[in-house]
Amino acid sequence: MEKLKRVSPTSYYLLIIGIAAIFAVGAILFLGGLSDDSDDLMVAGSIVLGSAVALIGDAYIALQFFLAAADKGYEDAKYFWLSLFTFPGYLLVAALPDRHNDNRTDSDDLPDL
């Protein structure tokens, strides 16, 4: 079976930013059409903008966890998506063993204490 082409982690980050921006602009325009009061629009716009900023921040954190998993030898995209919205995803990536660790010490080579 042919391996799927790996996508750059930056592509995931740009995708999340684009989705958040479309969500924020669309929601502000939709809420603006529903409300006659400008104060309600400001509150709703602040909530939507805050949600978009939180989504972008979470995407950045997930990207960093994905890069950490890639450094450990796990380059699947699932480590980005698991870390995107879940704290257990953070723990999973943090607990991954290093696949590149070939510097194992034998019990005979341990120093005397």
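Peer 1: Account for the overall build of the protein, naming residues and giving values.
Peer 2: Scanning the protein from N- to C-terminus turns up 4 helices and 0 strands. Along the protein, helices (α) and strands (β) appear in the sequence α-α-α-α when read from the amino end. Relative to its 113 residues, the protein shows a buried fraction of 26%. In the protein, once contacts between residues fewer than 6 apart in sequence are set aside, the share between residues at least 24 apart is 59%. Per element, the accessible surface of the protein, about 8,400 Å² overall, is 64% carbon and sulfur.

Peer 1: Please provide a residue-by-residue account of the nonpolar core, values included.
Peer 2: Within the largest apolar cluster, 20 residues are counted, with the highest numbers of intra-cluster contacts made by I16, A69, Y79, F80 and L84. Residue contributions to this core peak at 8 residues, all from helix α2 (residues 38-71).

Peer 1: Can you break down helix α3 (residues 78-85) residue by residue, with the values?
Peer 2: Of the residues making up α3, those classed as buried are Y79, F80, S83 and L84. Along α3, the residues classed as buried sweep out an arc of 145 degrees about the axis, all on the same side.

Peer 1: Please set out a nonpolar patch on the surface residue by residue, giving values where relevant.
Peer 2: Judged by side-chain polarity, L15, I19 and W81 come together as a nonpolar surface patch covering roughly 290 Å² of accessible area. Secondary-structure assignment places I19 in helix α1 (residues 9-34). Looking at I19, the relative accessible area reads 46%, which means it is partly exposed.

Peer 1: Break down the packing of α3 against helix α4 (residues 87-95) for me, with residues and values.
Peer 2: It is the contact of α3 with α4, at a shortest axis distance of 5 Å, that shows an interaxial angle of 135 degrees. Relative to α4, the element α3 lies oblique. Residues Y79, L82, S83 and F85 of α3 lie in contact with α4, whose contacting residues are F87, G89, Y90, L92 and V93. Looking at the contact of α3 with α4, its residues break down into 7 nonpolar, 2 polar and no charged.

Peer 1: Explain the side chain of K72 to me, and be specific about the residues and the numbers.
Peer 2: Of note, K72 is situated in the loop between α2 and α3. Among buried charged residues, K72 stands out as having no salt bridge; its nearest opposite-charge side chain is D98, 7.6 Å away. A polar contact is formed between the side chain of K72 and the backbone oxygen of V93, at a distance of 3.2 Å. Of note is the side chain of K72, whose polar atom sits 3.1 Å from the backbone oxygen of A94. Each residue touching K72, except ones within four places of it in the same chain, is listed here: V93, A94, A95, L96, P97, D98, R99 and H100.

Peer 1: Kindly report on the packing of aromatic side chains, identifying the contributing residues and their values.
Peer 2: Tallied over the entire structure, the rule returns 5 aromatic pairs. When the centroid spacing of 5.8 Å and the interplanar angle of 70 degrees are considered together, the rings of Y74 and Y79 count as edge-to-face. Of the two residues, Y74 and Y79, both sit in the buried class. Pairing F80 with W81 gives two aromatic rings, centres 5.0 Å apart and planes at 80 degrees, and the pair type is edge-to-face. For F80, a relative accessible area of 0% gives the class buried. What makes W81 partly exposed here is its relative accessible area of 40%. In this structure an aromatic cluster arises from ring pairing among F65, F87 and Y90.

Definitions and cut-offs
- Residues numbered from 1 in each chain as written.
- Predicted model: local features only at pLDDT ≥ 70, side-chain atom pairs only at ≥ 80, totals over all residues.
- Heavy atoms only, no water.
- Helix = DSSP H or I, 4+ residues; strand = E, 2+ residues; numbered from the N terminus.
- Buried < 20%, exposed > 50% of the residue type's maximum accessible area, 1.4 Å probe, protein only.
- Contact = heavy atoms within 4.5 Å.
- Areas by Shrake-Rupley, 256 points an atom, 1.4 Å probe, with all protein chains shown as cover.
- Core = buried A, V, L, I, M, F, W, Y, C linked by side-chain atoms within 4.5 Å.
- Arc of directions from axis to C-beta.
- Patch = residues over 30% accessible without salt bridge, like charges linked within 9 Å, V, L, I, M, F, W, Y side chains within 5 Å.
- Salt bridge = Lys/Arg side-chain N within 4 Å of Asp/Glu carboxyl O.
- Axes fitted to C-alpha atoms, helices over the stretch in contact; angles between N-to-C directions.
- Parallel < 35°, antiparallel > 145°, perpendicular 65-115°, else oblique.
- Nonpolar A, V, L, I, M, F, W, Y, C, P; charged D, E, K, R; others polar.
- Lys, Arg positive; Asp, Glu negative; His and termini not counted.
- Polar contact = N/O pair within 3.5 Å; in protein donor to acceptor, adjacent residues only side chain to side chain.
- Phe/Tyr/Trp six-rings, centres within 6.5 Å; stacked < 30°, edge-to-face > 60°.

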